[in-house]
Amino acid sequence: MKLTQDQRDLLEGRYGEGAQLAMKIQVAIGESFGAERMVPITRAHVALSNQDADLWLAEKMVGLGAKCRVTPTVNPGFCLSYFKRIQKVSDEDYRMMERTEKAYRALGAQLSYNCTPYIDTNVPTFGEVCAFSESSATPFVNAVWGARSNREGANSALFAAITGYVPEYGLLFDENRRGTILVNVEAEMKNDYCYHILGMCGKKIGHGIPVFTGLPENISKEALRNLGAELNTSGAYDMYHIAGFTPEAPDLETAFGGKEPERVVTITDQDFEEVLEEISLKGNREIDFAMFGCPHFTLEECRHILSRIGDRKLKKDMWILTSSHVEQMAQRMGIYDALEAVGAHIVPDSCPDQPCWHFLKGKVGVTESPKCAYYPQRRDIHFVIRDLDTCIEAAVSGEVR
């Protein structure tokens, strides 16, 4: 690879062992993809995990003196103060999260603990070169904002933040960002939940960059978040296009770079029914709890939940996972206290794929997010998947239909 003087200095250890190791790995990644050079980044997001391997690496980099040149935002683990207050976490898990927080603070990360930074706290501009890990983040920054990031792992995104560079390959080039699959959506897209299910059609869509047609003219940020999150749950999609909506797809010809699509796929209501049949527990049953916020919920969604509950009380606990930014705004606006009063809990800085939820083991919840339903299965927590309003009614009545 052709390296600049600064990049050679990093590789030769002038900035310390930590930066040197990060650069060695970045160069190796670049060589494996045939990259000719490294290019600077201006933003990064690290899909932090407080699990053994991630924590080992973070502490190793701290021990080698690494510091982030580009301050990355980070994914959630679980909120230490919240779960200590409700006494739901073991001492061992608490210590793991404490060590994780200490390590990433020492590295110079921004301890945002938010899996949707692309919505309000780490938003790139069109064409900006970034290093984003997190399954919902990469397709959002590429597709919706028109920024440029390959689908980084938590470790490669951290190394990019430490060095300030990424190897130039993949989606950093125009020719690799063009659509390859035409996806005609004939299913009824009546709410944001439908974008979850559309994203779960990855098996039918197949490998490539989908270009969606037939979607409504106005699409919310929550729907776009849902689509990207589930595309990376059902497959591996670094980006997508929506004809006439996303910035690099003003029309079909531009989206496909003047070429014909490699294949054409049609998604119908029948596809939605078959996907839901495959991924969800059967309905018409009692549930133990409701959980939302994978990816993290917005303030607008918290407000919607409150408005749907009205003056009723929940029969089952509801857990709404958000960023601390959303939690603070909800507190300022009285939404937090109003939800607590009816049995709904806004939980900041936390992910459903965490040991803090051990008290739900063996229970059945309801959620609108297939991604939320997917992760906790390994902890013996299972879900019925329905649209958000149906889930809210289930928490009120205690059963889902």
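Residues take numbers from 1 onward in each chain, read along the sequence in its written order. Given that the model is predicted, a residue must reach a pLDDT of at least 70 before its local features are reported, and side-chain atom pairs must reach 80 or more before they are shown or counted; all residues, however, enter totals for whole chains, interfaces and linings. Heavy atoms throughout the structure, all of them, feed into the side-chain values; hydrogens and water do not.

Taking an unreviewed UniProt entry as the reference, the chain is identified by name as Aconitase belonging to Moryella indoligenes.

### With respect to the UniProt feature "domain: Phosphomevalonate dehydratase large subunit-like" (unreviewed entry) in the chain
Quick note on the threshold: UniProt positions are given in the numbering used here, feature names are shortened, and annotations may be inferred rather than shown by experiment. By the criteria applied, helices consist of DSSP H or I runs no shorter than four residues and strands consist of E runs no shorter than two, each listed in order from the N terminus.
Following the UniProt record, the feature "domain: Phosphomevalonate dehydratase large subunit-like" (unreviewed entry) maps to residues 1-393 here. As annotated, residues 1-393 has a helix share of 40% and a strand share of 16%, and its two end C-alpha atoms lie 58 Å apart.

### Looking at the packing of aromatic side chains
Using the following cut-off: Ring pairs shown here join Phe, Tyr and Trp side chains whose ring centres sit within 6.5 Å, with only the six-membered ring taken for Trp; geometry is labelled stacked below 30 degrees between planes, edge-to-face above 60, and tilted in between. Burial classification: accessible surface area is computed with a 1.4 Å probe over protein chains only, and a residue below 20% of its type maximum counts as buried, one above 50% as exposed, and the rest as partly exposed.
Going through the model one piece at a time under the given rule, you end up with 13 aromatic pairs. Each ring, one from phenylalanine 33 and one from tyrosine 169, has its centre 4.1 Å from the other, and the planes form 10°; the classification is stacked. Within this pair, whereas phenylalanine 33 is found in the loop between helix H2 (17-32) and strand E1 (38-40), its partner tyrosine 169 is found in the loop between strand E5 (165-167) and strand E6 (181-185), the two being separated by 136 residues in sequence. By relative accessible area, phenylalanine 33 is classed as exposed at 51%. Taken together, the ring pairs connect Phe78, Tyr82, Phe83, Trp319, Trp357 and Phe359 into an aromatic cluster.

### A few points about the pattern of salt bridges
What counts, and what does not: Within this document, salt bridges are pairs made up of a side-chain nitrogen of Lys or Arg and a carboxyl oxygen of Asp or Glu, the two lying within 4 Å of each other.
Per the counting criterion, the structure on display carries 22 salt bridges. Of the charged contacts, one joins aspartate 271 and lysine 204 as a salt bridge, the two residues approaching to 2.9 Å between their closest N and O atoms. Here aspartate 271, found in helix H13 (residues 269-279), pairs with lysine 204, found in helix H10 (residues 202-205); they are 67 residues apart in sequence, far enough to count as distant. Note that glutamate 222 and lysine 221 form a salt bridge whose closest N and O atoms lie 3.4 Å from each other.

### Overview of the pairing of strand E12 (residues 317-322)
Each regular strand shows side chains that alternate between the opposite faces of the sheet. What counts, and what does not: At least two DSSP bridges between two strands are needed for those strands to be called paired. Here the term right-handed applies to a crossover when the path leading from its first strand over the helix to its second strand runs clockwise, the strands being oriented away from the viewer.
Here E12 lies mainly inside the structure; 5 of its 6 residues are buried. As judged from the 5 bridges shared by strand E11 (residues 289-297) and E12, these two strands associate in the parallel manner. Residue pairing in the sheet places phenylalanine 292 in a bridge with isoleucine 320 of E12. The parallel pair E11 and E12, bridged by helix H14 (residues 299-309), forms a crossover whose chirality is right-handed.

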